[in-house]
Amino acid sequence: MKNVNEEKSGAVEKFKEFLRQKKMRQTSERVLIVEKIYSMNTFFSAQALHEDINKDIHVSLATIYSTLNLLLECNLIIRHNFNSQNILYEKFPSGANSYYRICIKCNKVKAFTDKKLKKSIDLRNSTAFSIGNHTLYLYGICKKCKEKMAKAKC
Ligand SMILES: [Zn+2]
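A brief report on the enclosed structure follows. (Residues numbered from 1 in each chain as written. Predicted model: local features only at pLDDT ≥ 70, side-chain atom pairs only at ≥ 80, totals over all residues. Heavy atoms only, no water.)

## With respect to the overall build of the protein chain
- What the protein chain contains, in helices and strands, is six helices and five strands.
- Its helices and strands in sequence order give the protein chain the pattern α-α-α-α-β-β-β-β-α-β-α, from N to C terminus.
- In terms of principal-axis extent, the alpha carbons of the protein chain reach across some 60 × 45 × 30 Å.
- A burial count over the protein chain gives 31% of its 154 residues as buried.
- Per element, the accessible surface of the protein chain, about 10,500 Å² overall, is 53% carbon and sulfur.
- Of the side-chain charges in the protein chain, 28 are positive and 14 negative, and the distance between the mean point of each set is 9 Å. (Helix = DSSP H or I, 4+ residues; strand = E, 2+ residues; numbered from the N terminus. Buried < 20%, exposed > 50% of the residue type's maximum accessible area, 1.4 Å probe, protein only. Areas by Shrake-Rupley, 256 points an atom, 1.4 Å probe, with all protein chains shown as cover. Lys, Arg positive; Asp, Glu negative; His and termini not counted. Charge placed at Lys NZ, Arg CZ, Asp CG, Glu CD.)

## Re the nonpolar core
- Grouped together as the largest cluster of nonpolar side chains are 24 residues, with contacts concentrated most on F15, I33, I37, L49, I64, L68 and L71.
- Within the residue set of this core, elements represented by two or more residues are α1 (4-21), α2 (28-37), α3 (46-53) and α4 (61-73).
- Per element, the largest residue contribution to this core is five residues, and it comes from α1.
- Contacts of L71, omitting those with residues within four sequence positions, involve F15, I33, V34, I37, L76 and I77. (Core = buried A, V, L, I, M, F, W, Y, C linked by side-chain atoms within 4.5 Å. Contact = heavy atoms within 4.5 Å.)

## Side note on the coordination of the zinc ion
- Protein coordination at the zinc ion comes from C103 (SG), C106 (SG), C142 (SG) and C145 (SG), with a distance range of 2.3 Å.
- Every donor counted, the four donor atoms about the zinc ion form angles of 105 to 115° at the centre, which fits tetrahedral coordination.
- Between consecutive donor residues of the zinc ion, the sequence gaps follow C-x2-C-x35-C-x2-C. Here the residue C106 occupies a position in the loop between β3 (98-103) and β4 (109-112), and C142 occupies one in the loop between β5 (135-140) and α6 (143-153), the gap between them amounting to 36 residues.
- Residue class for C106 comes out partly exposed when judged on its relative accessible area of 38%. (Donors = N, O, S within 2.8 Å, 3.2 Å for Na, K, Ca; no water. Tetrahedral: all angles 85-135°; square planar, octahedral: opposite > 155°, others 65-115°.)

This is the structure we're talking about:
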């Protein structure tokens, strides 16, 4: 298991290489955005990232969006559309495939791993279709919301 700093410097290197290949400039803003994302352990919206980075240096929201698109292109982040309200991003899960439970009442998202599930998906790997990474969203109602709903009924 890689530690956070190795993971962060690996991501910065991969991004710089990607920019070199695309003949794009390695600006300090772009590098700072990757560093910031790889220091976080949770989902974030473009707006939240923008506010967070602007505590240190001024970066426009347009730069945030364009960098997020580049990071998506080189598989350093993934984009989630858990519900219709907002788009969230996350650093690319290292090694593991991620599964998410999403509460349709309070919109809470919880990530989990499941080795059995992963194994059964891996078995679908064939010559006809090579599986890369996969993500799974399970929609339902969380324990807290279920309790609230039960209380409301009494
Ligand atoms: Zn809930």
